[in-house]
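Examination of the molecular architecture
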Amino acid sequence: MRFGVISTAKIAREDVIPGIQKSDHTVTAISSRSRDRASEVADALDIDSAFGDYETMFAEADIDAVYNPLPNALHAEWSQRAADHDLDVLCEKPLAVDAAEAADLYDYCADQGVALMEAFMYQFHPRTRRAREIVENELGEIHTVQASFKFPLADPDDIRLDPELAGGSLMDVGCYAVSAARGFLGEPDRAFAHIRDSRDSGVDTNLSGVLSYDDGRVASVSCGFDGPDRDYYRVETDDGWLEAPNCFGPEHDQSVSLTYSVDGREVTETFDPVDHYQLQIEAFADAVESGKTPPIDRTETLGNMRAMDALARSADTGEPVGIASRE
């Protein structure tokens, strides 16, 4: 599969493009609002062609699919424009500004006959799959999940602090915590959250929330741009627990581990370094080329967005919010 990349964003330059290039697929074009910037990145990363605007790349480049790492508020618009050119789309998380926009984008791409997948790379790491397997098959009934992703955001002009671009910690890193909780517990029934805007930016720079279930299970999720790097999830069950540190963004050359305990017996499993961006690309391309639904599908993406929407509404109102009904 031949990819075109819209934007020279850091995640594209340092993670996704190298991941594509490690696979059997290629990046043949890159575009930016600045032709000079696109050419600079193309030269540095050995990409054949560079364009000074996205639409021209869609129309003229020799590509089959687009990777879209634009700011959150632009995800839906430019994914639709790629679909207009019969290009499959891998779009960074969160796929859209809310669940309604995400649903519309899925409908649009289906009407155009192109594939669409939200880029949640951590779900393709072998540790993620193993953790879910252990919890499902080796531990007892879950009663609580804790998931958190925080890091220090120093740049006061960072786009993640811009409300016009759908910034905020929930959209940027909280989506991982919500995804992890749902991966173990399924779809929640209610949400309750508090936020803090430590920069007076108009977006949440910290969020703490609860996702609750009618059967009494509960997940606590947190995210933020203040304080040291910290990402983990922990699952508590009737007979033990499982915990994974550095669970969302390990480096490509970094081994990782998880630890779990069942009836007092503690086990640590270690995983060799792997590029989960490469695995994500391969899973997306394999699905498209075989005519299958991409592994992160409409149901998964809309479930995550509905939970995020409810957390955001709860933070605004100060009241618990029911999760919107499933499709």
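Quick note: structure is the one above.
We now turn to the structure provided with this report.

Rules of the game
- Residues numbered from 1 in each chain as written.
- Predicted model: local features only at pLDDT ≥ 70, side-chain atom pairs only at ≥ 80, totals over all residues.
- Heavy atoms only, no water.
- Helix = DSSP H or I, 4+ residues; strand = E, 2+ residues; numbered from the N terminus.
- Rg over C-alpha atoms; globule rule 2.2 N^0.38 Å.
- Buried < 20%, exposed > 50% of the residue type's maximum accessible area, 1.4 Å probe, protein only.
- Contact = heavy atoms within 4.5 Å.
- Areas by Shrake-Rupley, 256 points an atom, 1.4 Å probe, with all protein chains shown as cover.
- Lys, Arg positive; Asp, Glu negative; His and termini not counted.
- Charge placed at Lys NZ, Arg CZ, Asp CG, Glu CD.
- Phe/Tyr/Trp six-rings, centres within 6.5 Å; stacked < 30°, edge-to-face > 60°.
- Lys NZ or Arg CZ within 6 Å of the ring centre and 35° of its normal.
- Pairing = 2+ DSSP bridges.
- Polar contact = N/O pair within 3.5 Å; in protein donor to acceptor, adjacent residues only side chain to side chain.
- Axes fitted to C-alpha atoms, helices over the stretch in contact; angles between N-to-C directions.
- Parallel < 35°, antiparallel > 145°, perpendicular 65-115°, else oblique.
- Left-handed = near helix turned anticlockwise from the far one by under 90°.
- Nonpolar A, V, L, I, M, F, W, Y, C, P; charged D, E, K, R; others polar.
- Core = buried A, V, L, I, M, F, W, Y, C linked by side-chain atoms within 4.5 Å.

**With respect to the overall build of the protein chain**
Within the protein chain, the regular secondary structure consists of 9 helices and 15 strands. The C-alpha radius of gyration of the protein chain comes to 20 Å, within 12% of the 20 Å expected for a compact globule of 327 residues. Within the protein chain, buried positions represent 56% of all 327 residues. Sequence separation of at least 24 residues holds for 65% of the intrachain contacts in the protein chain that already meet a minimum separation of 6. Surface exposure of the protein chain reaches about 13700 Å², of which carbon and sulfur atoms provide 43%. Of the side-chain charges in the protein chain, 28 are positive and 64 negative, and the distance between the mean point of each set is 3 Å.

**Considerations on the packing of aromatic side chains**
A complete count under the given rule lists 13 aromatic pairs for this structure. Through a chain of ring-to-ring contacts, three or more aromatic side chains come together here, namely F120, Y122, F149, Y176, F184, Y233 and F248. The ring of Y213 carries R217 above its face, with NZ or CZ at 4.8 Å from the centroid. Directly above the ring of W241 sits R234, whose terminal nitrogen or CZ lies 4.5 Å from the centroid.

**A word on the pairing of strand β5 (residues 88-92)**
Among the 5 residues in β5, 5 count as buried, and that is most of the element. By the alternation rule, side chains of β5 split into D88, L90 and E92 and V89 and C91, which are all buried. Sheet topology places strand β4 (residues 65-68) next to β5; 4 bridges connect them, and they run parallel. Bridge pairing links A65 to D88 in β5.

**What about the side chain of N206?**
In this structure, N206 sits in strand β9 (residues 206-212). Within polar-contact distance, the side chain of N206 engages the side chain of T205 at 3.5 Å. Not counting the four nearest positions on each side in its chain, N206 is found in contact with S169, H194, I195, R196, S198, C223, G224, F225 and D226.

**Concerning the packing of helix α1 (residues 10-22) against helix α8 (residues 276-290)**
Where α1 contacts α8, the two axes come as close as 8 Å, and the packing angle between them is 60°. Comparing the axis directions of α1 and α8 gives the class oblique. Considering only the axes of α1 and α8, their crossing is right-handed. Facing α1, whose interface residues are I11, D15, V16, G19, I20 and K22, α8 presents Y277, Q278 and I281. When grouped by side-chain class, the residues that make up the contact of α1 with α8 number 5 nonpolar, 2 polar and 2 charged.

**Re the packing of helix α5 (residues 99-112) against helix α9 (residues 298-317)**
Across the interface, α5 lies against α9 with an axial gap of 8 Å and an inter-helix angle of 160°. Taken together, the axes of α5 and α9 are roughly antiparallel relative to one another. Note that α5 runs across α9; the crossing there is right-handed. Between α5, through A99, A102, A103, Y106 and D107, and α9, the contact on the second element is made entirely by R298, T301, L302, M305, R306 and D309. Residues of the contact of α5 with α9, tallied by class, amount to 6 nonpolar, 1 polar and 4 charged.

**Focus: the sheet that holds strand β13 (residues 256-262)**
Here 9 strands make up an open sheet; going across it, the order is β14-β13-β12-β11-β7-β10-β9-β8-β15 and the pairing mixed. The sheet is open, and its two edges are formed by β14 (265-271) and β15 (321-322), each paired on a single side. Bridge count for strand β7 (residues 142-150) against strand β10 (residues 218-224) is 7 bridges, and the pairing is parallel. By the bridge assignment, V145 is partnered in β10 with A219. Against the sheet, helix α7 (residues 169-185) contacts β7, β9, β10 and β11 (230-237), and its axis sits at roughly 160° relative to β10.

**A look at the nonpolar core**
Core analysis: the biggest nonpolar cluster contains 111 residues, and I30, F58, L211, Y233 and L242 have the highest contact counts within it. At 11 residues, the largest contribution of residues to this core is made by α7. If sequence neighbours within four positions are ignored, L242 has contacts with A131, I134, V135, L139, Y233, R234, V235, L258, T259 and Y260.

No statement about biological role is implied by the geometric values presented.
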